[in-house]
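# Tertiary structure, described
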Amino acid sequence: MKKYNWITVLLLNIVTCGIYSLIMWYTMDANSKQMADKSGVAEEKNGWSFIVFFFLLSCVTCGITALVWMYKHFKQQAAIAQKVGVALAPTDNPIVMIIIMCIPVYSFYVLCDNYNKLVDATGSAAE
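Because the structure is a prediction, the values reported are computed rather than measured.

## A few points about the overall build of the chain
When helices and strands are tallied, the chain shows six helices and zero strands. In sequence order, the chain lays out its α and β elements as α-α-α-α-α-α. Every one of the 127 residues in the chain was classed for burial, and the buried ones make up 43%. Pairs at least 24 apart in sequence give 66% of the contacts found in the chain among residues at least 6 apart. Summed over its atoms, the accessible surface of the chain is roughly 6800 Å², and 67% of this surface lies on carbon and sulfur atoms.

## Topic: helix α6 (residues 104–122)
In this model, α6 (19 residues) spans 28 Å end to end at C-alpha, consistent with the 27 Å of a helix rising 1.5 Å per residue. Within α6 the residues assigned to the buried category are Ser-107, Phe-108, Val-110, Leu-111, Cys-112, Asn-114, Tyr-115, Asn-116, Leu-118, Val-119 and Thr-122. As for α6, its buried residues are in contact with α1 (6–15), α2 (19–39), α4 (64–84) and α5 (94–100). Where α6 ends, the next residue or the one after it, Gly-123, has phi of about 70 degrees, a positive value.

## Points about α2
Here α2 spans 30 Å end to end across 21 residues, near enough to the 30 Å set by a 1.5 Å rise per residue. Burial in α2 covers these residues: Tyr-20, Ser-21, Met-24, Trp-25, Met-28, Asp-29, Asn-31, Ser-32, Lys-33, Met-35, Ala-36 and Ser-39. Gly-40 occupies a position one or two residues after α2 and carries a positive phi of about 85 degrees.

## What to know about the side chain of Ser-21
Within the fold, Ser-21 resides in helix α2. Sequence-distant contacts of Ser-21, defined by excluding residues within four places in its chain, comprise Asn-13 and Phe-108.

## Focus on the pattern of salt bridges
Per the stated rule, a full pass over the model turns up three salt bridges. Salt-bridge contacts for Asp-120 lead to Lys-3; the nearest nitrogen and oxygen are separated by 2.9 Å. One end of the pair, Asp-120, is in helix α6; the other, Lys-3, is in the segment before α1, and 117 residues separate them in sequence. Across the pair Lys-33 and Asp-29 runs a salt bridge whose closest N-O atoms are separated by 3.3 Å. Taken together, the residues span about one helical turn, with Lys-33 and Asp-29 both in helix α2 at a distance of four residues. The class of Lys-33 is buried, set by a relative accessible area of 14%.

## Overview of the nonpolar core
Counting residues in hydrophobic clusters, the biggest one holds 30 residues, and the most contacted among them are Tyr-4, Met-24, Trp-25, Phe-74 and Met-101. Taken together, the elements giving at least two residues each to this core come down to α1, α2, α4, α5 and α6. It is α6 that contributes the most residues to this core, seven residues altogether. Leave out the neighbours within four places in its chain, and Met-101 touches Trp-25, Met-70, Phe-74, Ser-107 and Leu-111.

What counts as what
Residues numbered from 1 in each chain as written. Predicted model: local features only at pLDDT ≥ 70, side-chain atom pairs only at ≥ 80, totals over all residues. Heavy atoms only, no water. Helix = DSSP H or I, 4+ residues; strand = E, 2+ residues; numbered from the N terminus. Buried < 20%, exposed > 50% of the residue type's maximum accessible area, 1.4 Å probe, protein only. Contact = heavy atoms within 4.5 Å. Areas by Shrake-Rupley, 256 points an atom, 1.4 Å probe, with all protein chains shown as cover. Expected span 1.5 Å × (residues − 1). Salt bridge = Lys/Arg side-chain N within 4 Å of Asp/Glu carboxyl O. Core = buried A, V, L, I, M, F, W, Y, C linked by side-chain atoms within 4.5 Å.

The following block contains the structure:
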């Protein structure tokens, strides 16, 4: 699985006017589902696979759909981390993670760092 450098993600997000973020979220979610299966926490899988659709639907629902999707994603990450014995930083609380996603640059660092920790812990990193 691909690991993400937060500076690269931030720059690509700026250059593509946010389109790269949708691709990154989609890829992270698909990979998180594989990590959930591999680590045995399939009950926490985020069932909403069509991320672009749900982010577009969030325009109609004033962002509520996107918040629910993010909550499920972070809840899944916390379950995987607990199962494989990894400490997510700064927290594994999905609600706090959603709040952190509102902090411009720090959010990219936290998102990529936690994801990369899970990739390493589950042994899913590409050789």
